[in-house]
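# A closer look at the structure
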Amino acid sequence: QRLKAKRDSNREGKRENVGERAREWVRERERAGRMSADLKRQVKIKTGIVKRLRKELAMYEQEKVQNDKRVEDMRASGADTYDIRQAERVADESAMMIPDCKGRFDAAFSDLEKLVDAEKANDEIKDTEEYKLAVEALEA
């Protein structure tokens with residue numbers, strides 16, 4: 001009877017180990033799923049930042065050209081010096097925004113580039129739409 005009780009307790013112990021291993025496996029899969037979702041989210045956010053900053057930089061550059069042209073037109077037409085100085089200040093403010101925006105764009109671009117390079121081998125993320133959009137944003 002003692003041997004039977006010992007065998008039964010060993011069997012139950014093995015079952016508990018199998019159950020614990022199964023639960024651990026499920027936890028690992030859930031963590032991997034969350035990591036994949038978090039990674040997709042990071043890629044999507046960083047891609048959006050790069051796209052937005054690229055547009056913003058283009059708009060500042062376009063605005064600078066327009067303001068410079070406006071100042072030249074005012075000078076050519078003989079406008080009041082006060083108006084010309086005000087237009088020059090506006091043009092200078094636009095010009096000052098370009099280096100700041102360029103720095104933010106370069107930082108965001110390198111962040112996205114590092115993330116894409118780091119996840120090149122990850123097949124889970126590599127086939128997603130977010131990853132493809134990120135690669136397109138880097139190539140554009």
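Procedures and definitions
Residues numbered from 1 in each chain as written. Predicted model: local features only at pLDDT ≥ 70, side-chain atom pairs only at ≥ 80, totals over all residues. Heavy atoms only, no water. Salt bridge = Lys/Arg side-chain N within 4 Å of Asp/Glu carboxyl O. Helix = DSSP H or I, 4+ residues; strand = E, 2+ residues; numbered from the N terminus. Buried < 20%, exposed > 50% of the residue type's maximum accessible area, 1.4 Å probe, protein only. Arc of directions from axis to C-beta.

Turning next to the pattern of salt bridges. What the rule picks out here adds up to nine salt bridges. Its salt-bridge partner being D68, residue K64 comes within 2.9 Å of it at the nearest N-O pair. On the criterion of helical spacing, the pair formed by K64 and D68 is a turn pair, its members being four residues apart in helix 1 (residues 2–77). Since its relative accessible area comes to 29%, K64 is described here as partly exposed. K120 serves as the salt-bridge partner of D117, at 3.6 Å between the closest nitrogen and oxygen. Judged by its relative accessible area of 44%, D117 is partly exposed.

Another aspect to go through is helix 4 (residues 129–139). Among the residues of helix 4, those classed as buried are Y131, A134, A137 and L138. Viewed end-on, helix 4 has its buried residues packed into an arc of 120 degrees, placing them on one side of the element. Those residues of helix 4 that are exposed and angled more than 90 degrees off the buried face are E129 and E139.

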